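Coordinate inspection notes
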Amino acid sequence: MEKIIYAVLAVSEDKQAAASCLINGIKGFFGASLYPVFYNDLAAAVSEMVVPGDCIRKEMALAYASVISELNRTATLLPMRFGSVVESDEEVSRLLANHYNAFANNLNEVNGKVEFGLKLLWDYEKGCDRIRANLNYCESDAGCYFSKATASTVYLLEKIKQHRLEDALLKHVESLVDEISQHLALVAPTCKFKKLVTNNIILDAAFLVDESKSKIFIEAIEMLTERHNDLHFLLTGPWPPYSFTEITVA
Amino acid sequence: MAPIYLRNTKGEVMQESVIDQTKDITILELLDRVLNKGVVITGDIVISVADIDLVYLGVKLLLTSVETMQQRQLTVVKENQKNL
C-alpha cells in the first residue's frame, strides 16, 4: 500500500526507541497508525495511505497539519508538503538516504526554533491617498510631458501617474521591510518577506525564532504596532518551520 | 492549532465576531503552509494523490476573511497571549 509521509525528524540513534514510541502513538489519516522509517539519525513519520486520492478535502489537509504539529511538540522536524505519497517504505528509506545531507543541514538550521507569520494589512485606498499626497505631481499637467493635451496624452499621463504610484508603493513597503528587519534583527535574524501580496495585504512575512525568544519576539512586534497606526498586524504562530524547509526531492 | 494575535493600537476590546474570524484566518494560515510549503517531492518517486482544487477553493474563501479584516477594524485579541 502507498505511504504518506508527514515529516522528517531528527532522531539521534540512541533515541530511536523513544522516537518510535512518539510516532507510533499518533494517528494519521482516517485512524491509520503512524510509524517511523529510520535512516541514520533521521526518521520519516509515515502511515499507510488509506484514502483514495480523489476524495481529498480541506479537512484532510488540516488533519495532516495536526499530525505535524503533534510531532513538532517533542521533535525537531521538517514538514512534508501535503500530498507527499510514495510507493513503499523502501522508497521512503531511499529518499532519506539520497538526500541525507540536505535533510540533516536543514534540520540543524531549524533546531529549537519555531516559525511566526506576520501579515501587514491596510486600507488600500487610504494608503494610496497618503502616498499620492507625498508625490510631487508636476506631471498633473499634460504640458509637463507633451506639447499639447489630447485624448492619447491624457491617457499616457494617467499611466505615468499610475506607474509613479506603484513605484512609490513598492518603496514604501520596502522601507517597512527594512524597518522590520532591523527591529527584529537580534530576535529573528532569519526571515522571509513577500511584498504586495494583494491590495490589502501589503506584506506577508515569516520569521524563524528561537523558541525561548518567542515572548520577546511578540513584544517586539507589539512595539512595531505602536509606530504604525495605519496598519493592521496579523501575527500567527508558533508554527512548525514550514516556511524554512527548503528541500525539493527529485 | 497555533494561537493567533491581532494587533491594532486603536482599541483593545475583544469582540465575538473577531474571535470567529481568527479561527478562519488561522485555518487559512495553516492551509497556506501545508499546501505551499514544506519538503517537496517531485518526479517518479512521488505518487500523485489528489486533485487538490477543493482544498484551494477553501483557501480562496478564507482569503476573503483576511481581506475583510481591514474593513471591520479589528481590535486586539489580548487574551490569546496567555495561550503561548
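Everything below is about the structure shown above.
Quick summary incoming for the structure in this document. (Residues numbered from 1 in each chain as written. Chains lettered and ligands numbered in written order. Predicted model: local features only at pLDDT ≥ 70, side-chain atom pairs only at ≥ 80, totals over all residues. Heavy atoms only, no water.)

**Here's the deal with the overall build of chain B**
From N to C terminus, chain B includes two helices and two strands. Of the regular secondary structure in chain B, the N- to C-terminal order runs β-α-β-α. By residue count, 51% of the 84 residues in chain B fall in the buried class. Taking the contacts inside chain B whose residues are at least 6 apart along the sequence as the reference set, 86% of them involve residues at least 24 apart. Summing over all exposed atoms, chain B offers an accessible surface of approximately 4300 Å²; the carbon and sulfur share of this is 53%. (Helix = DSSP H or I, 4+ residues; strand = E, 2+ residues; numbered from the N terminus. Buried < 20%, exposed > 50% of the residue type's maximum accessible area, 1.4 Å probe, protein only. Contact = heavy atoms within 4.5 Å. Areas by Shrake-Rupley, 256 points an atom, 1.4 Å probe, with all protein chains shown as cover.)

**Observations concerning unusual backbone geometry**
Residues and elements named next belong to chain A. Of note, the bond from Gly237 into Pro238 is cis; its omega dihedral lies within 30 degrees of zero at 0°. Even without a glycine there, the phi angle at Asn40 is positive, about 50°. At Leu196, a residue that is not glycine, the phi angle is positive and equals roughly 50°. Mapped onto the secondary structure, Leu196 falls in the loop between β7 (190-195) and β8 (201-210). For Leu196, a relative accessible area of 31% corresponds to the partly exposed category.

**Here we look at the packing of aromatic side chains**
Residue and element names in this part refer to chain A. In this structure the tally under the stated criterion is six aromatic pairs over all chains. Geometrically, the ring pair formed by Phe207 and Phe217 is tilted, given 5.2 Å between the ring centres and 55° between the ring planes. Here Phe217 lies in helix α7 (residues 214-227) and Phe207 lies in strand β8, a separation of ten residues in the sequence. Take Phe207 and Phe217: they sit in the same class, and that class is buried. (Phe/Tyr/Trp six-rings, centres within 6.5 Å; stacked < 30°, edge-to-face > 60°.)

**Details of helix α2 (residues 58-72) of chain A**
The first and last C-alpha atoms of α2 of chain A sit 21 Å apart over 15 residues, in line with the 21 Å expected at 1.5 Å per residue. Of all the positions in α2 of chain A, only Met60, Ala61, Leu62, Tyr64, Ala65, Val67, Ile68, Leu71 and Asn72 of chain A are classed as buried. (Expected span 1.5 Å × (residues − 1).)

**So, the environment of Ile202 of chain A**
Tracing the chain through its elements places Ile202 of chain A in strand β8. Sequence-wise, Ile202 of chain A and Glu158 of chain A are 44 residues apart; in three dimensions their C-alpha atoms are separated by 23 Å.

**Thoughts on a nonpolar patch on the surface**
Residues and elements named next belong to chain A. On the surface, a nonpolar cluster with roughly 350 Å² of combined accessible area is contributed by Met1, Phe30 and Val50. Summarising the element assignment, Phe30 is placed in the loop between α1 (16-24) and β2 (35-39). Phe30 gets classed as exposed once you look at its relative accessible area, which sits at 64%. (Patch = residues over 30% accessible without salt bridge, like charges linked within 9 Å, V, L, I, M, F, W, Y side chains within 5 Å. Salt bridge = Lys/Arg side-chain N within 4 Å of Asp/Glu carboxyl O.)

**So, the side chain of Lys37 of chain B**
Here Lys37 of chain B lies in the loop between α1 (16-36) and β2 (40-41). Among the polar contacts made by the side chain of Lys37 of chain B, one reaches the side chain of Ser243 of chain A at a distance of 3.5 Å. Of note is the side chain of Lys37 of chain B, whose polar atom sits 3.5 Å from the side chain of Asp32 of chain B. Ignoring any residue separated from it by four or fewer positions in sequence, one finds Lys37 of chain B in contact with Arg81, Tyr242 and Ser243 of chain A together with Asp32 of chain B. (Polar contact = N/O pair within 3.5 Å; in protein donor to acceptor, adjacent residues only side chain to side chain.)

**Remarks on the environment of Val187 of chain A**
All names here are of chain A. Here Val187 is to be found in the loop between α6 (151-183) and β7. Val187 gets classed as buried once you look at its relative accessible area, which sits at 10%. Between the alpha carbons of Val187 and Thr225 there is a distance of 17 Å; along the sequence they are 38 residues apart. Those residues in contact with Val187, other than ones at most four positions away along the chain, are Val209, Lys213, Ile216 and Phe217.

**Topic: the side chain of Ser47 of chain A**
Residues and elements named next belong to chain A. Relative to the helices and strands, Ser47 is located in strand β3 (residues 42-48). In this structure the side chain of Ser47 is engaged in a polar contact, spanning 2.8 Å, whose partner is the side chain of Tyr6. Discounting chain neighbours no more than four positions away, the residues touching Ser47 are Glu2, Lys3, Ile4, Tyr6, Ala32, Ser33, Leu34 and Tyr35.

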